[in-house]
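One-letter residues, chain by chain:
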Amino acid sequence: MREIIYIQAGSFANYVGTHFWNTQESYFTYEDDDEPIVNHDLSFEEGRSPQNQPTLCPRLLTFDQKSNFGTLAKTSQADTATDVSLDTTWQGRVVCETQDPIPQSEYHARLEGELEEGNLERTDPNIRYWSDYSRVFFDRKSIQAIPDALENIEAGWSVGQDLFQRYNEDTELMEGAFRLLVENCDNFQGLQMMHDTPSFGGFSHAFLTSFRDEFLKASTLNFSFLSGADPNHAGIDNFLDTKRIINDALCLQSLHQLSDISFPILNPSRWSALESNLSQGLSYNKNSLYHTSGVISSLVETATLPLRLKGSREDIAMIADHLNWRKCSRLGQLGGIVPLPFSATEGTFADLYCNFSTGLSNKDERAVFARRNVTRGLQDQDLAAFDAWCDISSLREPLDSSIHAPAYPVPTSFPSIFRHTRPTSIRMASSLVTAPSTSIPLMGYARFVEQTARMRRSDGVLMSMGLENDDVKELASVLWEIVDGYGNDRMDEGND
């Protein structure tokens, strides 16, 4: 068995991850003659429910501010370590104040039949936290609540790294919870990781560095959720946007160095070029984490489905080797169509495909290094149209591969974002791609960082991030080296 350990760090990553795990739960079968389409043992291990009953729990570490965990925010290992420290250092009187328990979520109340069952699928419940719509049980070691008093790391690269070091020391994270997850695997293959760059960029870099120190041969696949700051339209005088862009750039450099294959994802605030395509089948609120994370999760879950499909021999290393066969394309793109309309034609795939890593339309794509497609619920006539669309590219097998799977299930926890009647499953397509066009957003970051290094008035930003001017100059140089690895002539910079 080739088990995967999953890492989620940050609020949006956990919203996406909650949808992801709810989809995994929907694959469970309860009749002896029903065969699941996925191998659950790769992603789940035996754990305990809140009632101390044996159940399947995700092989997962989930990091977030304690206040973002909602009803899951119970005593964590960090709290225990703090309490012990107080007991040994403070001899005075201690007054303990407890916070009122967070009420059960509306969705969970519906599940338990406390509200009308008919409303469960017709309207969205009130979502306060990502845990409000979770359908799986998490083992205690999975919950890694960062104390709120320590969490003030918006675009703070060095602060995030220091936070990881302190948290690791206080909780023995790597030698405790993470080590136990690895030891519970028969044959650990690697990490599938999702993280928010604004709040957990430096933290995730420190985590991956610590991981690599011991697990050099393990594979890593990463989905990185960027900030809303656009390097092509931000002024150097905007303090917070400058911090966010430099932080994003540091994350991209880190991922290129430490992860086998990574897919940066645009912030929903930067989906404007995709909205005309998305609006064909979806009606979503781009300011709702619950809505936008549902869109991204469906693409992530579908694109990575071959890792979990029963009978599949694919693993993270194979995906990375396929997409990064040139050995200099560790940053890829996530794209697809959600949902795919009925009676799809070749033009449907060409017109509706959305690239969530570059924001470019599919028609702007001139060349591709490698592509991995997964379709869900397509009929024979749809597959013929899909194949015709794929043939437009000069890519052929094995650089262009496709897997066709059953329709994507839509559990009751999924937001009501579909333009028509809420379905129980949808047809869709998702792709992981490496292409020269990855250099276009990278050039935006490289130019901005280069400009920042030349401007003396940016010293305050760098100081707040724990960086020096030479660090930023080196970052710009590394980003240009990554750009050059994609083979895109810098004379094409007008494409941005």
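Shown above is the structure to which this text applies.
Residues numbered from 1 in each chain as written. Predicted model: local features only at pLDDT ≥ 70, side-chain atom pairs only at ≥ 80, totals over all residues. Heavy atoms only, no water.

Caption draft 1: The arrangement of the nonpolar core in detail. With 62 residues, the main nonpolar core has I5, F63, L173, F178, F188, L191 and F207 as its most contacted residues. Beyond its immediate stretch of four places on either side in the chain, L191 contacts I4, I5, I7, F178, F207, L208, F211, S219, T220, L221 and I316. With 57 residues, the next largest nonpolar core counts L60, Y107, Y284 and A320 among its residues. (Core = buried A, V, L, I, M, F, W, Y, C linked by side-chain atoms within 4.5 Å. Buried < 20%, exposed > 50% of the residue type's maximum accessible area, 1.4 Å probe, protein only. Contact = heavy atoms within 4.5 Å.)

Caption draft 2: Main features of unusual backbone geometry. A cis amide bond, omega -15°, links V338 with the succeeding residue P339. Secondary-structure assignment places P339 in the loop between strand 9 (333–337) and helix 11 (346–352). The linkage connecting E397 with the following residue, P398, adopts the cis geometry, with an omega of 5°. Summarising the element assignment, P398 is placed in the loop between helix 12 (380–392) and strand 12 (400–405). (Helix = DSSP H or I, 4+ residues; strand = E, 2+ residues; numbered from the N terminus.)

Caption draft 3: Quick peek at helix 10 (residues 316–323). Three or more residues of helix 10 are buried, namely I316, I319, A320, H322 and L323. Taken end-on, helix 10 shows its buried residues confined to a sector of 165°, consistent with a single buried face. Its side-chain oxygen placed 3.3 Å from the backbone nitrogen of A317, D315 serves as the N-cap of helix 10. (Arc of directions from axis to C-beta. Polar contact = N/O pair within 3.5 Å; in protein donor to acceptor, adjacent residues only side chain to side chain.)

Caption draft 4: Just the packing of helix 1 (residues 11–26) against helix 9 (residues 289–303), in detail. Packing of helix 1 against helix 9 brings their axes to within 8 Å, and their N-to-C directions diverge by 55°. Between helix 1 and helix 9, the angle falls in the class oblique. You can see that helix 1 and helix 9 cross each other, and the crossing is right-handed. Of the residues in helix 9, those touching helix 1 at S11, F12, Y15, V16, H19, F20, T23 and Q24 are L289, Y290, T292, S293, G294, I296, S297 and E301. Split into classes, the residues belonging to the contact of helix 1 with helix 9 amount to seven nonpolar, eight polar and one charged. (Axes fitted to C-alpha atoms, helices over the stretch in contact; angles between N-to-C directions. Parallel < 35°, antiparallel > 145°, perpendicular 65-115°, else oblique. Left-handed = near helix turned anticlockwise from the far one by under 90°. Nonpolar A, V, L, I, M, F, W, Y, C, P; charged D, E, K, R; others polar.)

Caption draft 5: A look at the sheet that holds strand 15 (residues 428–434). Across the sheet, which stays open at both edges, the five strands sit in the order 10-9-15-11-12 with mixed pairing between neighbours. A strand with exactly one partner marks an edge of an open sheet, and here the two such strands are strand 10 (354–355) and strand 12. Sheet analysis places strand 11 (residues 370–376) next to strand 12, joined by six bridges and oriented parallel. By the bridge assignment, T375 is partnered in strand 12 with H404. In the packing of helix 9 onto the sheet, contacts are made with strand 9, strand 11 and strand 15, and the angle to strand 15 comes to roughly 70°. Contacts between helix 12 and the sheet are confined to strand 11 and strand 12, with strand 11 contributing the most and set at about 165° to the helix. (Pairing = 2+ DSSP bridges.)

Caption draft 6: Structural detail: the pattern of salt bridges. Following the criterion strictly, the structure yields 18 salt bridges and no others. Residue K141 pairs with D139 through a salt bridge whose shortest N-O separation is 3.1 Å. Of the residues examined, D139 reaches a relative accessible area of 16% and is grouped as buried. Notably, a salt bridge pairs R270 with D230, separated by 3.4 Å at the nearest N-O pair. Residue R270 is found in the loop between strand 8 (261–265) and helix 8 (275–278), and its partner D230 is found in the loop between strand 7 (219–225) and helix 7 (239–258); the two are separated by 40 residues along the sequence. (Salt bridge = Lys/Arg side-chain N within 4 Å of Asp/Glu carboxyl O.)

Caption draft 7: Representation of empty space enclosed by the protein. One pass over the full model with this rule turns up four cavities of 30 Å³ or more. What the largest cavity holds in volume is close to 50 Å³. Looking at the largest cavity, the residues that line it are A303, P306, E314, I319, R372, N373, V374, S401, S402 and I403. Of all the elements in the fold, those that place two or more residues in the lining of the largest cavity are strand 11 and strand 12. Here the lining of the largest cavity is built from residues that sort into five nonpolar, three polar and two charged. (1 Å grid on protein atoms, 1.4 Å probe; cavity = no way out; pocket = protein on both sides within 12 Å on 5 of 7 lines; lining within 4 Å. Points joined across faces, edges and corners; volume = space filled by probe spheres on them.)

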